[in-house]
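The residues making up each chain are set out below.
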Amino acid sequence: VQTEEPGRLTLIDLDDHPDTIHTLATTTPDPTEDQITIHHGTHQAPRLVRVNPADGLTLPPGRWRLATTGSGGTVDDVSVDSLPELPAVAAGQVRVELRAAGTNFRDVLLALGMYPEPAPLGSEGAGVVLDVGPGVTGLAPGDRVMGLFAGSFASVVDADARVVARIPDAWSFTRAASVPVAFLTAWYALRDLAGLRAGESVLIHAAAGGVGMAAVQLSQLWGAEVYATASAQKWDTVEGLGVIRARIASSRDVTFEPAVMMASGGRGVDVVLDALAGPLVDASLRLLRFGGRFVEMGKADVRSQDTVEQEHPGVTYRAFDLNEAGPQRIGEILSELVELFAQGRLQTLPTTVHDVRRVRSVLRFMGAGRHVGKLVLDFPRRAIADGTV
């Protein structure tokens with residue numbers, strides 16, 4: 001686009017949203033801007049802002065890990081420590097130099113001191129195998145891997161080799177780090193615990209989040225009828241996953257109950273995948289048909305199984321943690337997922353990548369519930385002092 005200044009051009013990047021053309025017609029390029037974008041009708045230009053030094057972390061030159069006391073009730077408690085010397089790799093374990101880690105709401109709760117039990121920050125990631133312990137076959141130093149890693153907000157971590165898989169060749173480390181927790185949790189909850197089958201219906205709460213988006217894909221793959229909730233500004237995202245608009249409702253209040261009941265023709269649903277709390281849990285339970293299964297992956301409002309099943313005859317209630325599946329089953333599911341991705345039957349989630357040194361801002365953003373898909377932390381590469389880079 002020619003600006004009023006002679007000889008000066010502005011490059012404008014457009015998408016195919018109908019509002020974009022209208023915005024383009026009414027946009028007068030700023031003569032100081034060489035480049036702008038117009039996406040979904042919104043005009044944006046590149047900007048640099050000063051980093052708040054109090055919000056960024058400085059990583060030590062050697063190995064490191066992120067930690068939190070959670071005692072202050074704020075994500076500002078997250079700090080960085082030097083990683084002590086690690087012992088020899090134990091039998092059945094792999095040692096991985098991480099290049100990226102996925103974030104989950106569990107990390108927000110840990111940082112705020114609200115998680116039920118102490119645990120290290122980070123639970124999934126992707127990186128390069130440094131060493132393998134006795135008895136490990138199929139993996140070797142130099143392999144690019146992804147999987148579950150307790151304490152994955154660290155430069156180096158050990159893990160059970162059974163919960164680790166090779167990264168598909170075309171994937172980046174950040175893309176791979178977005179997969180394990182979301183898809184493993186959704187699979188274990190819906191297939192192993194709820195026994196979701198073709199022809200059944202499922203209500204997936206927070207369907208624009210990582211586990212929610214994975215659950216929508218898997219439910220559709222298995223032939224289930226999907227109902228979903230999300231905040232209103234994310235409904236377009238959920239609809240883009242293939243969920244019928246009439247089956248999408250708010251996750252912020254109990255209005256989803258009559259909405260789902262109406263959309264289902266008064267039948268309700270067979271399965272609920274939940275991470276909500278308070279009256280929203282009660283409303284979800286009322287939507288279940290006789291023989292329905294309620295699987296709770298949240299930690300904020302875990303109910304007594306006996307009490308729930310007494311108050312809602314014919315309903316099965318199960319609160320769970322992914323680790324309950326055990327490394328053998330987790331590895332089996334992870335292998336099946338990798339195969340489904342390779343076949344193109346599953347797609348990775350929308351992912352936003354941030355430098356790990358900005359972890360406090362990332363957790364703060366996640367805690368506000370404003371993200372879609374996955375937030376992934378990218379780790380800086382460690383310089384190799386005694387070899388080729």
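**Student:** Even after reading the chapter, I still don't get the nonpolar core, so can you show me in this structure?
**Tutor:** Soluble globular proteins tend to pack their nonpolar side chains together in the buried interior. Of all hydrophobic cores here, the largest spans 92 residues; its most connected members are Leu 66, Phe 183, Leu 273 and Leu 337. The biggest single contributor to this core is helix α4 (residues 180-193), with nine residues. In this structure, Leu 337 is in contact with Phe 183, Leu 184, Trp 187, Leu 218 and Leu 346, ignoring residues within four places of it in sequence. In this structure, Val 260, Val 269, Leu 285 and Val 308 belong to the second largest nonpolar core, which totals 18 residues.

**Student:** Would you take a moment to explain the sheet that holds strand β11 (residues 201-204) for this structure?
**Tutor:** Each strand in a sheet pairs with its neighbour through backbone hydrogen bonds, running either in the same direction (parallel) or in the opposite one (antiparallel). The six strands lie next to each other as β13-β12-β11-β14-β15-β16, forming an open sheet whose pairing is parallel. Two strands bound the open sheet, and with one partner strand each, they are β13 (248-250) and β16 (316-319). Adjacent strand axes in the sheet meet at a mean angle of 15°, parallel and antiparallel pairs treated alike. As judged from the three bridges shared by strand β12 (residues 225-230) and β13, these two strands associate in the parallel manner. Across the sheet, the residue bridging to Thr 229 is Ala 249, located in β13.

**Student:** What am I meant to see in the pairing of strand β7 (residues 124-132) here?
**Tutor:** Every regular strand shows the same layout, with side chains that alternate between the two sheet faces. Sheet topology note: the strand β6 (residues 93-102)/β7 ladder contains seven bridges and is antiparallel. Residue pairing across strands places Leu 98 opposite Gly 127, the latter belonging to β7. Here five bridges tie β7 to strand β8 (residues 144-148), and the two strands are oriented antiparallel to one another. Directly across from Gly 127, in β8, lies its bridge partner Val 145.

**Student:** What am I meant to see in the packing of α4 against helix α10 (residues 326-342) here?
**Tutor:** Angle between the axes and distance between the axes: these two values describe a pair of packed helices. Following both chains from N to C, one finds α4 and α10 inclined at 110°, their axes separated by 10 Å at the closest point. Here α4 lies roughly perpendicular to α10, going by the angle between them. Facing Phe 183, Leu 184, Trp 187, Tyr 188 and Asp 192 of α4, the residues of α10 in contact are Arg 329, Ile 330, Ile 333, Leu 334, Glu 336, Leu 337, Leu 340 and Phe 341. Here the contact of α4 with α10 is composed, by residue class, of ten nonpolar, no polar and three charged.

**Student:** I keep staring at the sheet that holds strand β2 (residues 35-39) and nothing clicks. Help me out?
**Tutor:** Ordered by their spatial adjacency, three strands build an open sheet running β1-β2-β3, and the pairing between neighbours is mixed. Across the chains shown, the open sheet's two edge strands, defined by having one partner strand only, are β1 (11-14) and β3 (42-44). For this sheet the average axis-to-axis angle between neighbouring strands, irrespective of direction, equals 20°. For β2 and β3, the ladder comprises three bridges, and the chain directions are antiparallel. Across the sheet, Ile 38 pairs through a bridge with His 43, a residue of β3. Together, β1 and β2 form the strand contacts of helix α1 (residues 18-25), whose direction differs from that of β2 by roughly 140°.

**Student:** Honestly, the pattern of salt bridges in this entry has me stumped. Any pointers?
**Tutor:** Proximity of charged atoms lets side chains of opposite charge pair with each other. Applying the stated rule across the entire model yields 22 salt bridges. As a salt-bridge pair, Arg 364 and Asp 76 come within 2.8 Å of each other at their nearest N and O atoms. Separated by 288 residues along the polypeptide, Arg 364 in helix α11 (residues 359-367) and Asp 76 in the loop between β4 (64-67) and β5 (79-82) bring together distant segments of the chain. By relative accessible area, Arg 364 is classed as partly exposed at 39%. Members of the salt-bridge network, linked through shared partners, are Asp 192, Arg 329, Glu 332 and Glu 336.

**Student:** Sorry, what's going on with the side chain of Thr 229 here?
**Tutor:** Residue position: Thr 229 is located in strand β12. Residue Thr 229 is classed as buried on the basis of its relative accessible area of 0%. Polar side-chain contacts of Thr 229 include one of 2.9 Å to the side chain of His 205. Discounting chain neighbours no more than four positions away, the residues touching Thr 229 are Leu 203, Ile 204, His 205, Ala 206, Ala 207, Ala 249, Ser 250, Ser 251 and Phe 256.

**Student:** Can you walk me through the packing of aromatic side chains in this structure?
**Tutor:** Two aromatic rings, taken as a pair, are described by how far apart their centres are and by the angle between their planes. Using the criterion set out here, one finds six aromatic pairs in the structure. Centre to centre, the rings of Trp 187 and Trp 222 are 5.2 Å apart; their planes meet at 90°, and the pair counts as edge-to-face. Placement of Trp 187 in helix α4 and of Trp 222 in the loop between α5 (210-221) and β12 is noted, with a sequence separation of 35 residues between them. Trp 222 carries the same exposure label as Trp 187, and that label is buried. An aromatic cluster of at least three residues, connected via ring pairs, comprises Trp 171, Phe 183 and Phe 341. Geometry around Tyr 115 places Arg 106 over its ring, the cationic atom sitting 5.3 Å from the centre. The side chain of Arg 144 reaches across the aromatic face of Phe 173, ending 4.8 Å from its centre.

**Student:** What should I look at first to understand the packing of α4 against α5 in this one?
**Tutor:** Between α4 and α5, whose axes approach to 8 Å, the crossing angle comes to 55°. In terms of orientation, α4 and α5 fall into the oblique class. In this structure, α4 meets α5 at a crossing whose hand is right-handed. Here Val 181, Ala 182, Phe 183, Thr 185, Ala 186, Trp 187 and Leu 190 of α4 come into contact with α5, specifically with Gly 210, Val 211, Ala 214, Ala 215, Gln 217, Leu 218 and Ser 219. Its residues assigned to classes, the contact of α4 with α5 comprises ten nonpolar, four polar and no charged.

Rules used throughout
- Residues numbered from 1 in each chain as written.
- Predicted model: local features only at pLDDT ≥ 70, side-chain atom pairs only at ≥ 80, totals over all residues.
- Heavy atoms only, no water.
- Core = buried A, V, L, I, M, F, W, Y, C linked by side-chain atoms within 4.5 Å.
- Buried < 20%, exposed > 50% of the residue type's maximum accessible area, 1.4 Å probe, protein only.
- Helix = DSSP H or I, 4+ residues; strand = E, 2+ residues; numbered from the N terminus.
- Contact = heavy atoms within 4.5 Å.
- Pairing = 2+ DSSP bridges.
- Axes fitted to C-alpha atoms, helices over the stretch in contact; angles between N-to-C directions.
- Parallel < 35°, antiparallel > 145°, perpendicular 65-115°, else oblique.
- Nonpolar A, V, L, I, M, F, W, Y, C, P; charged D, E, K, R; others polar.
- Salt bridge = Lys/Arg side-chain N within 4 Å of Asp/Glu carboxyl O.
- Polar contact = N/O pair within 3.5 Å; in protein donor to acceptor, adjacent residues only side chain to side chain.
- Phe/Tyr/Trp six-rings, centres within 6.5 Å; stacked < 30°, edge-to-face > 60°.
- Lys NZ or Arg CZ within 6 Å of the ring centre and 35° of its normal.
- Left-handed = near helix turned anticlockwise from the far one by under 90°.

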